[in-house]
Amino acid sequence: DAGVIQSPRHEVTEMGQEVTLRCKPISGHNSLFWYRQTMMRGLELLIYFNNNVPIDDSGMPEDRFSAKMPNASFSTLKIQPSEPRDSAVYFCASSPTHYEQYFGPGTRLTVT
Amino acid sequence: AQTVTQSQPEMSVQEAETVTLSCTYDTSESNYYLFWYKQPPSRQMILVIRQEAYKQQNATENRFSVNFQKAAKSFSLKISDSQLGDTAMYFCAFIPLTGANSKLTFGKGITLSVRP
């Protein structure tokens, strides 16, 4: 099994630019989660999907963040416009049951 | 609300020795899962072990085992025969089995260093 796949692994961008992070969940998993990890705040759940439908986006910090899951094998997290305080590691995770979550390798985002 | 507490910020252990990482949690739920995740310098979050609250038997995965004390709300991870590759940050996590709205709550993590 390939595991959760995320791209890019690293992203460096300038403030004001649009950033799109991508995730391919493990085949057969029906829940998908986006997390953000920073030193100050630890791991934060941003949004999660069940069967491609967003269930809870209360963790999305502001309207600059949006996430989509057009099908069972692909999701995106978009930040527009990006700001330096968005710099973090962004993780995608998937689960066959919602409870046991398997994480991707993460995308390290740096906004200058 | 659920909370997960990892009070030790860091620990160090000699290679081949045994180390125990502590975790406590607080919840009013009776059905839940507990996890330990490992995050090595590569930053990948790796699921190490899972414990179902309804099971009295402690979970074991090779060199990793847990001591689950439900009444005390304690969930410690024991790593036997420590290896250099065990050097990582370890997170304790909790999720109630309350359906699609339940969320995984993480502790702040503990940094484990294995010395050669």
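Overview of the structure. (Residues numbered from 1 in each chain as written. Chains lettered and ligands numbered in written order. Predicted model: local features only at pLDDT ≥ 70, side-chain atom pairs only at ≥ 80, totals over all residues. Heavy atoms only, no water.)

## Section: the overall build of chain A
Here is step 1 of the chain: Along the backbone of chain A there are 0 helices and 11 strands.
Here is step 2 of the chain: Its helices and strands taken in sequence order, chain A reads β-β-β-β-β-β-β-β-β-β-β from the N to the C terminus.
Here is step 3 of the chain: Here the C-alpha atoms of chain A give a radius of gyration of 13 Å, agreeing with the 13 Å that 2.2 N^0.38 yields for 112 residues.
Here is step 4 of the chain: A principal-axis box enclosing the C-alpha atoms of chain A has dimensions of 35 × 25 × 25 Å.
Here is step 5 of the chain: Counting all 112 residues of chain A, 49% fall into the buried class.
Here is step 6 of the chain: Residue pairs in contact within chain A that sit at least 24 positions apart in sequence constitute 53% of those at least 6 positions apart.
Here is step 7 of the chain: Roughly 5400 Å² of accessible area belongs to chain A as shown, and the carbon and sulfur atoms make up 50% of that amount. (Helix = DSSP H or I, 4+ residues; strand = E, 2+ residues; numbered from the N terminus. Rg over C-alpha atoms; globule rule 2.2 N^0.38 Å. Buried < 20%, exposed > 50% of the residue type's maximum accessible area, 1.4 Å probe, protein only. Contact = heavy atoms within 4.5 Å. Areas by Shrake-Rupley, 256 points an atom, 1.4 Å probe, with all protein chains shown as cover.)

## A word on the side chain of Q51 of chain B
All names here are of chain B.
Here is step 1 of the chain: For Q51, the position within the fold is in strand β6 (residues 46-52).
Here is step 2 of the chain: Note on Q51: relative accessible area 1%, which makes it buried.
Here is step 3 of the chain: A polar atom in the side chain of Q51 sits 3.2 Å from the backbone oxygen of K55.
Here is step 4 of the chain: Separated by 3.1 Å, the side chain of Q51 and the backbone oxygen of Q57 make a polar contact.
Here is step 5 of the chain: Apart from residues lying up to four places away in sequence, Q51 is in contact with Y32, Y33, L34, Q57, N58, A59, V66, F68 and F75. (Polar contact = N/O pair within 3.5 Å; in protein donor to acceptor, adjacent residues only side chain to side chain.)

## Looking at the pairing of strand β5 (residues 42-50) of chain A
Residues and elements named next belong to chain A.
Here is step 1 of the chain: With respect to burial, β5 is a largely interior element, 7 of its 9 residues being buried.
Here is step 2 of the chain: In the sheet, strand β4 (residues 31-38) pairs with β5 via 8 bridges, with the strands oriented antiparallel. Within β5, the residue paired with L32 across the bridge is F49.
Here is step 3 of the chain: The turn joining β5 and strand β6 (residues 53-56), which pair antiparallel and follow one another in sequence, is formed by 2 residues; a positive phi near 50 degrees is taken by N51. (Pairing = 2+ DSSP bridges.)

## Looking at the nonpolar core
Here is step 1 of the chain: With 26 residues, the main nonpolar core has L21, W36, L77 and Y90 of chain B as its most contacted residues.
Here is step 2 of the chain: Taken together, the elements giving at least two residues each to this core come down to β3 (19-21), β5 (32-39), β6, β8 (64-69), β9 (74-79), β10 (88-96) and β12 (110-115) of chain B.
Here is step 3 of the chain: In terms of residues, this core owes the most to one element, β10 of chain B, which gives 4 residues.
Here is step 4 of the chain: In contact with L21 of chain B, not counting residues within four places along its chain, are Q8, M11, W36, F75, S76, L77, I79, Y90, I110 and L112 of chain B.
Here is step 5 of the chain: Within the second largest apolar cluster, 21 residues are counted, among which are L21, I26, L77 and Y90 of chain A. (Core = buried A, V, L, I, M, F, W, Y, C linked by side-chain atoms within 4.5 Å.)

## Describing the state of the cysteines
All names here are of chain B.
Here is step 1 of the chain: For the coordinates displayed, the defined rule picks out 2 disulfides over all chains.
Here is step 2 of the chain: Two residues share a disulfide in this structure: C23 and C92, whose sulfurs sit 2.0 Å from each other. The sign of the S-S torsion, about -70 degrees, decides the handedness of the disulfide formed by C23 and C92: left-handed. Taken together, the residues C23 in the loop between β3 and β4 (24-26) and C92 in strand β10 connect sequence positions 69 residues apart. (Disulfide = S-S within 2.5 Å.)

## Quick notes on the pairing of β12 of chain B
Residues and elements named next belong to chain B.
Here is step 1 of the chain: Burial of the side chains of β12 is restricted to one face: I110, L112 and V114 are buried, whereas none of T111, S113 and R115 on the reverse face is.
Here is step 2 of the chain: Judged from the 5 bridges that link them, strand β2 (residues 10-14) and β12 form a sheet pairing that is parallel. Paired with E10 across the strands is T111, a residue of β12.

## Remarks on the interface of chain A and chain B
Here is step 1 of the chain: Across the boundary between the two partners, chain A contributes 23 residues, which contact 22 residues of chain B.
Here is step 2 of the chain: Of the roughly 1800 Å² buried at the junction of chain A and chain B (both faces included), carbon and sulfur atoms supply 54%.
Here is step 3 of the chain: Looking only at chain A, the three residues that lose the most surface to chain B are Y99, E100 and F103 of chain A, adding up to 35% of its buried area.
Here is step 4 of the chain: The partner of D56 of chain A in a salt bridge is K103 of chain B, with the nearest N and O atoms 2.7 Å apart.
Here is step 5 of the chain: Applying the counting rule to chain A against chain B returns 8 residue pairs in polar contact (both at pLDDT 80 or more).
Here is step 6 of the chain: Tallying contributions element by element places β5 of chain A first for the side of chain A that touches chain B, with 3 residues.
Here is step 7 of the chain: A breakdown of the residues in the side of chain A that touches chain B according to their chemical character gives 11 nonpolar, 8 polar and 4 charged. (Buried area = accessible area lost by both parts, 1.4 Å probe. Salt bridge = Lys/Arg side-chain N within 4 Å of Asp/Glu carboxyl O. Nonpolar A, V, L, I, M, F, W, Y, C, P; charged D, E, K, R; others polar.)

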